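In case you want the letters, here they are:
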Amino acid sequence: MKGSLFTSRPSSSPLPSSHHQRFVSPYSTPPRAGHTFSETLMDENIDYAEAVIRKWNLDNHKHQKFSPLFVDDRKEAKIFLEAVTGLRSAMHYYVKLSSNSQKIIRAQNLMQIAMKRLEKEFYVILSANRKNLDSESVSSRSSTVSARSSISESYEDEISEEEEQSTTPSRTSPRAESSISESDKALDVAMADLKSIADCMIASGYGKECANIYKLIRKSIIDETLYYLGVEKLNHSQMQKMDWNVLEPKIKSWLHAVTIAVKTLFHGERILCDIVFSSSEKIAESSFTEISRDAALTLFSFAENFGKSKKILSPEKLFRALDMYEAICDLWPEIESVFSHESLSAVRAEAMAALVKLGEAVRIMLAQFEAAIQKDSSKTPSGGGVHPLTRYVMNFLVFLGDYSGAICDILADSPVTAHTPLPESYFSSPTSGGGEDPSAAAITARLAWLILVLLCKLDGKAVLYNDVALSYLFLANNLNYVVSKVRNSNLGLLMGLEWIWNNRSKVNRYLANYERMGWSKVITSLPEDPTADIPPEDVKECFRRFNLGFEETYKKQILWVIPDPKLRDEVKISLAKKIVPGYRAFYLKHRENYIGVESIVRYAPEDLNNYLSDLFFAAGGGSRTSSYESYAESTVTSRGR
């Protein structure tokens, strides 16, 4: 800026009365001798401008406190701007006559003094109104006055109504009764003042100087805001050296900041820039570009650099990558709108690059997740309960289902069916999300594949049991857990009812095999017709075999577990129906002959029900909490969505 920034309000000595008009009237004075009418008019415009401009010359009051033009009713400011307009008209007139005219030199000197003053006024208004001109206020206020042609017109309307109200005190202005807050009024006034100065300086050829001041103040505001929002400039090398417990909080801060930055900070700055420099689209574009480009590139490069940090990628980081991907996708319309200028194409490109790199990272982490399932070597639960791997995988997939939109976009170009020998029908069904919405086919296929990988791994673990019945109970427990997780989450919409029905039927088949293999010795110990007449020795043998079979089975299976209460009751009811009625009929038929002989008749039918009700509660039926469960819990807790 030129000259000192500290001058005082000029003395209140009045201008000649003829100078209180914007332009000198062509009829106010006769032409001077030797001058045309137009030349006389332009001379008087210069004289008028000189009187006004020199009154507010900064250099005349270097050592006194600065007193602004734009205060109170802005009357002095209007006079100053009108004087500059008249001076500009005179300069245009004399340039056409002669570029070397002394009058042009005089006018140019006056214009420099005037522009120096306006630069100072512009700087002071921007600095003093940092709070009023915050991006959030600008964004919300712009929507309030969008019906008007401009902010400056809104302010001018307020001034004219105030003047009219002062001359007619009895009349109450509707605007005065409005609910506009003092802060909104201050915002309107500040924007109107800035626009008036910018219009004048741009029209006078000093748009660059005006824009430089604007960039200086507003760029610092953007940079400070991003700093306070916690946005850091980190490259992928720095990220790869960070512990996850250090990097994850920075990602959380970024997720909070990116929405505020795009929807409020950059959006508000774009609006303010367009309003202040509405008389020059070129200056408005260049100014917004200069104040926002570096900050916006820093903002979106954070997400891109995380996606590029392949050395630190692992399944537990998948959800943070998806959070960032979704955040940018959700904000994409605003990104394209706010950064629509061609000079800001680098920002749009950076945001798109972030999406691409995050998508690549998600695909890598999904592959890591699949590999982790296949490589699992943990032990099976001793009682055939739900394996920790099953809990971990299904909890992971449930949360993955919440990102169906992002996953569909990311996996659209890499269908899982292209890499497997299984028929496509396995991965979708007429009632699945993939069948109803083609865009969901990618995630439906990937989820189905990951569940299949899990189930195949569980099949391998089931054969490790020494008891075939326990193997089937283990498979039933785990598949039932899988189906329940799918049915009771967003996965149900993606996988479809047919998938749920088919796998629930498979659970029933596993249970049928468990009952057949685990209780056949008990069930077959009684005759097919328990009420038939048979020799006493055969009766004793039936009771003996039943007692032995029931006791052995009970002692073994009292350590087995069915974690799902509903499934547990279903199995108990099914066993009771297969065992108790036949035994009751046989018991009632032959008990009179053996009353008091406990070695032969050990159980009443009611005893069997009581014993069966004790089954499948074993506290030790599941293995101790594994690293998978702790890992899944920490992953879920850390999401904080």
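These figures come from a predicted structure and were not determined experimentally.

S.K.: Quick question: what am I supposed to make of the side chain of Ser139 here?
M.R.: In this structure, Ser139 sits in helix 4 (residues 135-144). Those residues within four positions of Ser139 in sequence are excluded, and the remaining contacts are Lys263, Thr264, His267, Gly268 and Ile271.

S.K.: Is there a simple way to think about the side chain of Arg568 in this case?
M.R.: By the secondary structure assignment, Arg568 is in helix 21 (residues 565-590). Buried charged residue Arg568 carries no salt bridge. Nearest counter-charge: Asp569, at 5.4 Å. Not counting the four nearest positions on each side in its chain, Arg568 is found in contact with Ile562, Pro563, Leu615, Phe616 and Phe617.

S.K.: Any chance you could explain the environment of Asp614 here in plain terms?
M.R.: One can find Asp614 in the loop between helix 22 (605-613) and helix 23 (627-639). Distance in space between the C-alpha atoms of Asp614 and Lys572 is 9.4 Å, their sequence separation being 42 residues.

S.K.: Got a minute to help me understand the packing of helix 2 (residues 75-97) against helix 3 (residues 102-128) in this structure?
M.R.: When two helices pack together, their arrangement is given by the angle between the helix axes and by the axis-to-axis distance. Two elements in contact, helix 2 and helix 3, have axes whose closest approach is 10 Å; the angle formed by their N-to-C orientations is 150°. Considering their axes alone, helix 2 and helix 3 lie roughly antiparallel with respect to each other. In the packing of helix 2 onto helix 3, the handedness of the crossing is left-handed. Taken together, the residues of helix 3 that come into contact with helix 2 (itself represented by Phe80, Leu81, Val84, Leu87, Arg88, Met91, Tyr94 and Val95) are Lys103, Ile104, Ala107, Gln108, Leu110, Met111, Ala114, Met115, Arg117 and Leu118.

S.K.: Can you help me understand the pattern of salt bridges in this one?
M.R.: Oppositely charged side chains are able to pair whenever their charged atoms sit close together. The final tally for this structure, using the stated rule, is 27 salt bridges. When the shortest N-O distance is used, the salt bridge between Arg293 and Glu290 registers 3.4 Å. One end of the pair, Arg293, and the other, Glu290, are both in helix 10 (residues 281-308), three residues apart, so they sit about a helical turn from each other. Glu360 is the salt-bridge partner of Lys357, the closest N and O atoms lying 3.6 Å from each other.

S.K.: Teacher, can you tell me more about the packing of aromatic side chains here?
M.R.: For any pair of aromatic rings, the description consists of the separation of the ring centres together with the inter-plane angle of the planes. Taken as a whole and assessed by the stated rule, the structure comprises 28 aromatic pairs. With a centroid separation of 5.5 Å and 70° between ring planes, the pair formed by Tyr227 and Tyr228 is classed as edge-to-face. Residue class for Tyr228 comes out exposed when judged on its relative accessible area of 69%. Centroid distance Tyr514 to Phe616: 6.3 Å. Interplanar angle 70°. Geometry classified as edge-to-face. Of the two residues, Tyr514 sits in helix 19 (residues 497-523) while Phe616 sits in the loop between helix 22 and helix 23, which places them 102 residues apart along the sequence.

S.K.: Please clarify how empty space enclosed by the protein should be interpreted in this entry.
M.R.: Sizing a probe to match a water molecule and rolling it over the atoms shows the empty space that remains. For the coordinates displayed, the defined rule picks out three cavities of 30 Å³ or more. By volume, the largest cavity amounts to about 70 Å³. Secondary structure elements with two or more residues in the lining of the largest cavity: helix 16 (441-462), helix 17 (468-487) and helix 19. A per-class count over the lining of the largest cavity returns five nonpolar, one polar and two charged.

S.K.: Looking at this structure, how should I read the confidence of the model for the protein chain?
M.R.: Atomic detail in the predicted coordinates should be set aside for any region of low pLDDT. Summarising the model, the protein chain shows a mean pLDDT of 82, and 78% of its residues fall at 70 or more. Overall, residues 1-34 carries pLDDT values under 50, and its contacts beyond four positions in sequence, including any with other chains, amount to 74 contacts. Note on residues 620-638: pLDDT under 50 across the span, and 33 contacts to partners over four residues away in sequence or across chains.

S.K.: Quick question: what am I supposed to make of the environment of Ser314 here?
M.R.: As for its placement among the helices and strands, Ser314 is situated in the loop between helix 10 and helix 11 (318-338). Residue Ser314 is classed as buried on the basis of its relative accessible area of 14%. Note: C-alpha distance between Ser314 and Met365 (51 residues apart in sequence) is 5.6 Å. Setting aside residues up to four positions removed in sequence, Ser314 forms contacts with Met365 and Gln368. Within the structure, the side chain of Ser314 is placed 2.7 Å from the side chain of Glu316, a separation counted as a polar contact.

S.K.: What is the right way to read the nonpolar core from this model?
M.R.: Nonpolar side chains tend toward joint burial in soluble globular proteins. By size, the foremost hydrophobic cluster in this structure holds 189 residues, and its most contacted members are Phe122, Phe277 and Ile328. Sorting elements by how many residues they give to this core places helix 9 (residues 244-276) first, with 16 residues. Excluding anything up to four places from it in sequence, Phe277 contacts Phe122, Ala198, Ile202, Cys210, Ala211, Tyr214, Ile283, Ala284 and Ser287.

S.K.: I'm lost on unusual backbone geometry in this one. Help?
M.R.: If a residue is not glycine, its phi is most likely negative; likewise, a peptide bond is most likely trans. Phi angles above zero are rare outside glycine, and Asp72 is one such case at about 55°. Along the chain, Asp72 turns up in the loop between helix 1 (37-55) and helix 2. With a phi angle near 65°, Arg74 is a residue other than glycine that sits in the positive phi range. Here Arg74 is to be found in the loop between helix 1 and helix 2. Residue Arg74 is classed as buried on the basis of its relative accessible area, which comes to 12%.

The rules behind the values
- Residues numbered from 1 in each chain as written.
- Predicted model: local features only at pLDDT ≥ 70, side-chain atom pairs only at ≥ 80, totals over all residues.
- Heavy atoms only, no water.
- Helix = DSSP H or I, 4+ residues; strand = E, 2+ residues; numbered from the N terminus.
- Contact = heavy atoms within 4.5 Å.
- Buried < 20%, exposed > 50% of the residue type's maximum accessible area, 1.4 Å probe, protein only.
- Lys, Arg positive; Asp, Glu negative; His and termini not counted.
- Salt bridge = Lys/Arg side-chain N within 4 Å of Asp/Glu carboxyl O.
- Axes fitted to C-alpha atoms, helices over the stretch in contact; angles between N-to-C directions.
- Parallel < 35°, antiparallel > 145°, perpendicular 65-115°, else oblique.
- Left-handed = near helix turned anticlockwise from the far one by under 90°.
- Phe/Tyr/Trp six-rings, centres within 6.5 Å; stacked < 30°, edge-to-face > 60°.
- 1 Å grid on protein atoms, 1.4 Å probe; cavity = no way out; pocket = protein on both sides within 12 Å on 5 of 7 lines; lining within 4 Å.
- Points joined across faces, edges and corners; volume = space filled by probe spheres on them.
- Nonpolar A, V, L, I, M, F, W, Y, C, P; charged D, E, K, R; others polar.
- pLDDT = per-residue confidence, 0-100.
- Polar contact = N/O pair within 3.5 Å; in protein donor to acceptor, adjacent residues only side chain to side chain.
- Core = buried A, V, L, I, M, F, W, Y, C linked by side-chain atoms within 4.5 Å.

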